[in-house]
Structures are given as structure tokens and as C-alpha cells.
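# Survey of secondary and tertiary structure
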Amino acid sequence: MDGESSWSVSVNASSVGEAASRNSFFTAMNTIIACLAVLGNSMVITVMVSRQRSFNSFTNRLILHQSVIDTIAGVVFFLHKVIRPVEMTVTLEGNVYDQLVCRLISSDFLLWAVNIASTYNLVIISLERLVATCYPVKYRNTVSSAWLKYAIGASWSLGIVYASHLIMVFEPNNGRCRDVDVQLGIRLMAGSIVLSVEYFIPLIIIVVSYTKIVIMLSKKLDKPVNVRQHRLIEAKNNVLTTVILAGVMFVICWTPNEYDYMKALFFLEFWDETIYDALTGLLACNMFVNPIIYCLNYKHFRRQLSILVSKGCRSNRVEEQPVRSVSRGALQPRAPQLACPQIAPVAS
């Protein structure tokens, strides 16, 4: 009996040690992801705001908005996954404070609102590129600063509206935040809507938009153009390649997590907690991949970044130049020297 109890104690101790090491690893991983998201997107914001005249197009403003969203997402991700405890504890009373903690904080309401806002900003960028490429006349006649405000408002509105369903998912129960028990039919219907809004609808729009753009550009390249038009087409294609890569990274980062959610929803198959944490980290990587894409592929951004860095280096060199000491006598004014007139000799 004593041997069995000691064996169980050793097993529990080892499991607790493994859980602690796993939590430490994922805490470090989430911290690195959050720091990369904040630092990388802050760099993009700094470059685009400092070189505002060079990034005044509608697409670049949407890219700037994407970096702003991902910066906020990095901060919120750090607060939710690193600072906040894994399981929220509340009082047994179930008062208003407990309801707010469970329905807004434990449900990751703000984190999912920002994630969906980021997703639909990518969708808006794909639609903007589609209209600009396939319908250029209509694009020039309709796109304005007002449309930019509508686009920004639409992405944030969709994010908040989507995340509002999480308010009904958690509730305080016996001092902890628990899932609300719902019927199987309601759960399947709600899960299908969630999958459609956060993954399938954005995926379909992005794929269809960029497929049409590629087909249209392949037709336009067959027509002869002059040197100026060729350079303009190359610049537009570079922007297009950049946003397509951003869309591809969205698919890579989100697909495994959505597959895991579909298995749990329809087949009640749950992966190990370690795999779930890894998939969550992969999804969060979508916050910092876009600045890497801009630095590696977006030629105009690289050029403006190098100009900004070179200006900063030159200003530092000017400030670090030593001040030469000047003697007191050198600062005193000197009397002007009058030139003596030359008298030409008189010929005899």
C-alpha cells in the first residue's frame, strides 16, 4: 500500500513538473510573439507616418491600418496569454463584476475582436486591389478619403459584432468561469456560423479576388507598353505580390486552428493541450509576419525604410562631430587692409 501511494505521488509530481515546464515554454513563446508583433508593426507605422507623402495611396493607408490593428493585437495577446492567469476565479455570488470578468475577459472578447478586425482588413485590401485592377476607371472615380473611413469602420465593426457572441459563451459558476451548456443543435449552428465568419468567408473572398487579379494582369501583360507604363505596372505588381503573400500567411496561420475547431465541433475529437497551445501560437504568428513580408518583398517600403535609416545615421554623425576650440584672438575683428594703388610710370 505504501509502495502504491509513493508511486502515485511520484507520478503526480512528474506530471506537475511537466505541466510547469510546458507552461513556461509557451509563456516564453507567447512573449516573443507579442514582442515581435508590437516591434515589427511599430516599425511599419513609424516608416509610413514619417514618409507619409510616399505612402499616400489608398492601399498603403490600408496597410498602415493593418499594422495598427496588429500592434493592438500584440498588446492584447500579451495581456491575455502572458499576464492573465490561465483560469479566471470569481466569487460565488455571481454579481455584475463576476459576469464582466467571465463574459469579457475570460472569453477573450477583445482578443478575438482585434483578430477578426485584422482578418477583414485583409479582405478589404483584396477587394480594393480587385477593383483597382479590374475596374480602374470606376476605382479612380469612387475611391476617396471617405471610403477609407468606411473601410476602417467596417473592419472594426465586423470584429466587435463577431466577438459579441462570446459574451454568451462563458458565465460564472461556483467561483470559476465555465462554458454555458447549450443544446447540440444550437452548438452546431453557432459553430458553423463562427467558422464561416472567421475563416471560410474571408478565405473565399481573398482567393477569388486574387485569382481574378492574376488573370487580368496576365492579359494586360500581353499588350505592348512603353517604359513608363512598364515601371508603373511593375510597382503595382509588387504591391499586389505583397498583399497576396499576406493573404497566404493568413491561410497558413489560421487553417490548423480552424481544423482543430471543426474536429471538436462536429466529431468531438480534442487534441492534446500542448498541440492546442502550439496551434494558438501559430495563429498568433499572423500578427508579426506582415512586417517581415514588407521588408523582404515590398520594394517601395524597403526604399523608404533605408532613406529613413540613412537620415537618422547622418543626423547622429552631425551631432557627434567635435566642436573645434577657437582662440580669443581669432574672434576679434581685424582691421581692413587697403590695397595700395599702383602708379604706372610716365613715359619720357
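To keep things clear, this report deals only with the structure shown in the data block. Note that the structure is predicted; figures quoted are calculated from it, not measured.

Each value, and the rule that gives it
Residues numbered from 1 in each chain as written. Predicted model: local features only at pLDDT ≥ 70, side-chain atom pairs only at ≥ 80, totals over all residues. Heavy atoms only, no water. Helix = DSSP H or I, 4+ residues; strand = E, 2+ residues; numbered from the N terminus. Contact = heavy atoms within 4.5 Å. Expected span 1.5 Å × (residues − 1). Buried < 20%, exposed > 50% of the residue type's maximum accessible area, 1.4 Å probe, protein only. Arc of directions from axis to C-beta. Disulfide = S-S within 2.5 Å. Polar contact = N/O pair within 3.5 Å; in protein donor to acceptor, adjacent residues only side chain to side chain. Axes fitted to C-alpha atoms, helices over the stretch in contact; angles between N-to-C directions. Parallel < 35°, antiparallel > 145°, perpendicular 65-115°, else oblique. Left-handed = near helix turned anticlockwise from the far one by under 90°. Nonpolar A, V, L, I, M, F, W, Y, C, P; charged D, E, K, R; others polar. Salt bridge = Lys/Arg side-chain N within 4 Å of Asp/Glu carboxyl O.

Along the polypeptide, Asn290 turns up in helix α10 (residues 289-297). Those residues in contact with Asn290 that sit more than four places away from it in its chain are Gln66, Asp70 and Ala246.

The next subject is helix α6 (residues 145-163). The terminal C-alpha atoms of α6 lie 28 Å apart, and with 19 residues this matches the ideal 27 Å at 1.5 Å per residue to within 8%. Along α6, the residues classified as buried are Leu148, Ala151, Ser155, Gly159, Tyr162 and Ala163. Projected down its long axis, α6 shows its buried positions confined to an angular sector of 115°, all on one face. Residues of α6 that are exposed and point more than 90 degrees away from the buried face comprise Lys149, Tyr150 and Val161.

Mapped onto the secondary structure, Leu195 falls in helix α7 (residues 184-220). Leu195 gets classed as buried once you look at its relative accessible area, which sits at 2%. Residues Leu195 and Met262, 67 residues apart in the sequence, show an inter-C-alpha distance of 7.9 Å.

Let us look at the state of the cysteines. Under the counting rule described, the total for this entry stands at one disulfide. One disulfide bridge connects Cys102 with Cys177, the sulfur atoms lying 2.1 Å from each other. Because the sign of the S-S torsion sets the handedness, a value of about -80° for the bond joining Cys102 and Cys177 places this disulfide among the left-handed ones. Taken as a pair, Cys102 in helix α3 (residues 96-106) and Cys177 in strand β2 (residues 176-179) lie far apart in primary sequence, 75 residues in all. Take Cys102 and Cys177: they sit in the same class, and that class is buried.

Turning our eyes to something else, we now look at the environment of Ser50. Among the secondary structure elements, Ser50 is positioned in helix α1 (residues 2-50). A sequence separation of 258 residues divides Ser50 from Leu308, and the C-alpha atoms of the two residues are 8.0 Å apart. A polar contact is formed between the side chain of Ser50 and the backbone oxygen of Thr46, at a distance of 2.7 Å.

The contact between helix α2 (residues 58-83) and helix α4 (residues 109-134) brings their axes to 9 Å, and the two run at 165°. Classified by the angle between their axes, α2 and α4 sit roughly antiparallel to one another. When the axes of α2 and α4 are compared, the crossing they make is left-handed. Looking at the contact of α2 with α4 residue by residue, the class counts come to 15 nonpolar, seven polar and four charged.

Once that is clear, we can look at the pattern of salt bridges. This model, assessed by the stated rule, comprises two salt bridges. When the shortest N-O distance is used, the salt bridge between Asp108 and Lys81 registers 3.5 Å. One end of the pair, Asp108, is in the loop between α3 and α4; the other, Lys81, is in helix α2, with 27 residues separating them in the sequence. For the salt bridge of Arg129 with Glu128, the shortest nitrogen-to-oxygen distance reads 3.0 Å. Here Arg129 and Glu128 have matching classes, each one buried.

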